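Survey of secondary and tertiary structure
Given next are the chains, with one letter for each unit.
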Amino acid sequence: MALEGPIARGRLQGKNAIITGAAGGIGLETSILFAREGASVLMADISNLSLERALAKVKELVPDAPRVEAIRCDISKESEVQAMVESQDSWGGTDVIFNNAGIMHPNDADAIDTPEEVWDLTHNINVKGVWFGSKHAVLSLRRHKKSKGSIINTASVVALVGSATPQLAYTASKGAVLAMTRELAIVHAREGFRFNALCPAPLKYSTPPRTSSQSDKLICDSTPLLQDWLGDDMAKRHRREVHFPTGRFGEAIEQAHAVVFLASDESSFVNGTDFVVDGGMTKAYVTPEGPPAAAPQSLGR
Ligand SMILES: NC(=O)c1ccc[n+]([C@@H]2O[C@H](COP(=O)([O-])OP(=O)(O)OC[C@H]3O[C@@H](n4cnc5c(N)ncnc54)[C@H](O)[C@@H]3O)[C@@H](O)[C@H]2O)c1
């Protein structure tokens, strides 16, 4: 029997979406998939030049995207987050926000050695930034009298399992994202606004090289890519890789596919979850041996 009603072109058709941390990694892959699924996408990042490159990439890969724009925003500043969300008022208001930007500082360490300024910087971005994004998304959804909305906040598997290689400020910040998201989900459930936390496992990918302009300095100093940080230190790499049942790190695009689901109406009854995308890492006791399973290709690089 044929399906009745209009056939939607994409899974996010008609939705206005904001993605923070959109200049690279998970944010860029998600921007590409959102545009491909028919969303109008506002890409936000603190890094202007990386953002320009990322915007060009999305436009190149999805030339028929309904609308893709970029805005510079430091998510740790409420006025900038408010301006970012309100800039979508003229689009018809925000339907989806992916509060994804976050940092892991190179000087983040254990209880003894983590400098207080690293703790504060990490929490200002990773926790306050997600709070501001959630707050202004709710205000926008109400302002536009929307009866549904999806807010996805990026946490991490380190919010669920302890790591013997410490990064205490980061771990605590991601635990806060998880708890905050769960409570927001319950508070706003009767308004139709869903909140879910994405918990990625360590990823393998390479974000385009960053620039050294003033605004980018913070990022250069604050977000070493895991793979760069591991370099060719095989012992350090193995210490992590051995925990993956699949025998490999995750790819950013695998996170992005999960975010498409959480953003779409397909997940209408998924709310308040710790949405774990980790290849089974947090469920493994002893892991298999043998060659790693195949990984999908990322789009943004
Ligand atoms: N890469 C991993 O292994 C991994 C694992 C678990 C969770 N995560 C989380 O995933 C999210 C995305 O990170 P990624 O892995 O794609 O890394 P990434 O460094 O490639 O992307 C993070 C983006 O956030 C931006 N950003 C940093 N501070 C900002 C600020 N104050 N305001 C606006 N933008 C800012 C950066 O410029 C960058 O483009 C982060 O929250 C991170 O903690 C990553």
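Preceding block: the structure.
Everything numeric in this text was worked out from a predicted model, so none of it was measured. (Residues numbered from 1 in each chain as written. Predicted model: local features only at pLDDT ≥ 70, side-chain atom pairs only at ≥ 80, totals over all residues.)

**Some details on the overall build of the chain**
Going by this rule: Numbering goes from the N terminus for both helices and strands, where a helix is a DSSP run of H or I of at least four residues and a strand is a run of E of at least two. Exposure classification rests on a simple neighbour count of other C-beta atoms within 10 Å of a residue's own: a residue reaching 20 or more is buried, one at 12 or fewer is exposed, and one in between is partly exposed. C-beta atoms are placed from the backbone.
On a plain count of helices and strands, the chain comes out with nine helices and seven strands. Sorting the 301 residues of the chain into buried and exposed places 45% on the buried side.

**Some words on the site of the ligand**
Rules: Any residue qualifies as near a molecule or strand once its backbone-derived C-beta atom lies within 6 Å of it.
Around the ligand there are 32 residues in total, and Gly21, Gly24, Gly25, Ala101 and Gly102 lie nearest to it. Breaking the shell around the ligand down by element, the ones donating at least two residues are helix H1 (25–36) and helix H4 (116–143).

**Let's talk about the pairing of strand S1 (residues 16–20)**
Here is the rule: Two strands pair under a simple rule: DSSP has to find at least two bridges between them. Whether a crossover is right-handed comes down to one check: with the strands pointing away from the viewer, does the path from the first strand over the helix to the second run clockwise; if it does, it is right-handed.
Burial analysis of S1 places five of its five residues in the buried class, which makes it a mostly covered element. Across five bridges, the pairing between S1 and strand S2 (residues 40–45) is parallel. Of the residues in S2, the one forming a bridge with Ala17 is Val41. Between the parallel elements S1 and S2, the chain passes through H1 in a crossover that is right-handed. Bridge count between S1 and strand S4 (residues 96–99): three bridges; the pairing is parallel. In the strand pairing of S4, Ala17 is matched with Val96.

**Things to note about the sheet that holds S1**
Put simply, the rule is: Angles run from 0 to 180 degrees between N-to-C directions of axes, and those axes are lines fitted to C-alpha atoms, restricted for helices to the stretch in contact. In this description, a residue-residue contact is defined by the distance between C-beta atoms placed from the backbone, which must lie within 7 Å.
Strand order in this open sheet of seven strands is S3-S2-S1-S4-S5-S6-S7, and the pairing throughout is parallel. Strand pairing shows two members of the sheet lacking a second neighbour, strand S3 (67–72) and strand S7 (274–277), which therefore form its edges. Going across the sheet, the axis of each strand differs from the next one's by a mean of 20 degrees, ignoring polarity. Pairing of S2 with S3, which is carried by six bridges, proceeds in the parallel orientation. Bridge assignment links Ser40 to a residue of S3, and that residue is Arg67. With respect to the sheet, H1 is in contact with S1, S2, S3, S4, strand S5 (149–154) and strand S6 (193–200), its orientation differing from that of S1 by roughly 165 degrees. Lying over the sheet, helix H2 (residues 48–61) contacts S2 and S3, oriented at roughly 175 degrees with respect to S3.

**Some remarks on the nonpolar core**
Put simply, the test is: Think of a nonpolar core as buried Ala, Val, Leu, Ile, Met, Phe, Trp, Tyr and Cys residues, each tied to the set through C-beta atoms within 7 Å.
The biggest cluster of nonpolar side chains holds 76 residues, and the ones touching the most others in it are Ala17 and Met43. Ranked by residue count, the leading element in this core is H4, at nine residues. When sequence neighbours within four positions are dropped, the list of residues in contact with Met43 reads Ile19, Ala22, Ser31, Leu51, Ala54, Leu55, Val68 and Ala70.

**So, unusual backbone geometry**
Notably, Lys145 is not glycine yet its phi reads approximately 55 degrees, a positive angle. Examined against the element boundaries, Lys145 turns out to sit in the loop between H4 and S5. A tally of 7 C-beta atoms within 10 Å means that Lys145 is categorised as exposed.

**Quick word on the packing of helix H3 (residues 78–86) against H4**
Basically, it comes down to this: For a crossing to be left-handed, the near helix must be turned anticlockwise from the far one by less than a right angle; the clockwise case is right-handed. By the convention adopted, Pro, Cys, Tyr, Trp, Phe, Met, Ile, Leu, Val and Ala count as nonpolar, Lys, Arg, Asp and Glu as charged, and the other residues, Gly among them, as polar.
H4 packs onto H3 with a crossing angle of 35 degrees between their chain directions and a minimal axis gap of 9 Å. Here H3 and H4 pass one another in a crossing that is right-handed. Of the residues in H4, those in contact with Glu78, Val81, Gln82 and Val85 of H3 are Phe132, Gly133, His136, Ala137 and Ser140. Of the residues assigned to the contact of H3 with H4, the class counts are four nonpolar, four polar and one charged.

**A closer look at the packing of H1 against helix H9 (residues 252–263)**
Applicable threshold: Note on angle classes: values under 35 degrees are labelled roughly parallel, values over 145 roughly antiparallel, values of 65 to 115 roughly perpendicular, and the remainder oblique.
Contact geometry of H1 with H9 gives a least axis separation of 8 Å together with a crossing angle of 50 degrees. One element, H1, and the other, H9, form an angle in the oblique class. In this structure, the crossing between H1 and H9 has a hand that is right-handed. Note on element contacts: H9 touches H1 through Ala252, Ile253, Gln255, Ala256, His257, Val259 and Val260, opposite Gly25, Ile26, Glu29, Thr30, Leu33 and Phe34. Class assignment of the residues belonging to the contact of H1 with H9 gives a composition of eight nonpolar, four polar and one charged.

**What about the environment of Ser163?**
Mapped onto the elements of the fold, Ser163 is located in the loop between S5 and helix H5 (168–187). Separated by 77 residues in sequence, Ser163 and Arg240 place their C-alpha atoms 9.9 Å apart. Excluding residues that lie within four positions of it along the chain, Ser163 makes contacts with Val158 and Thr171.

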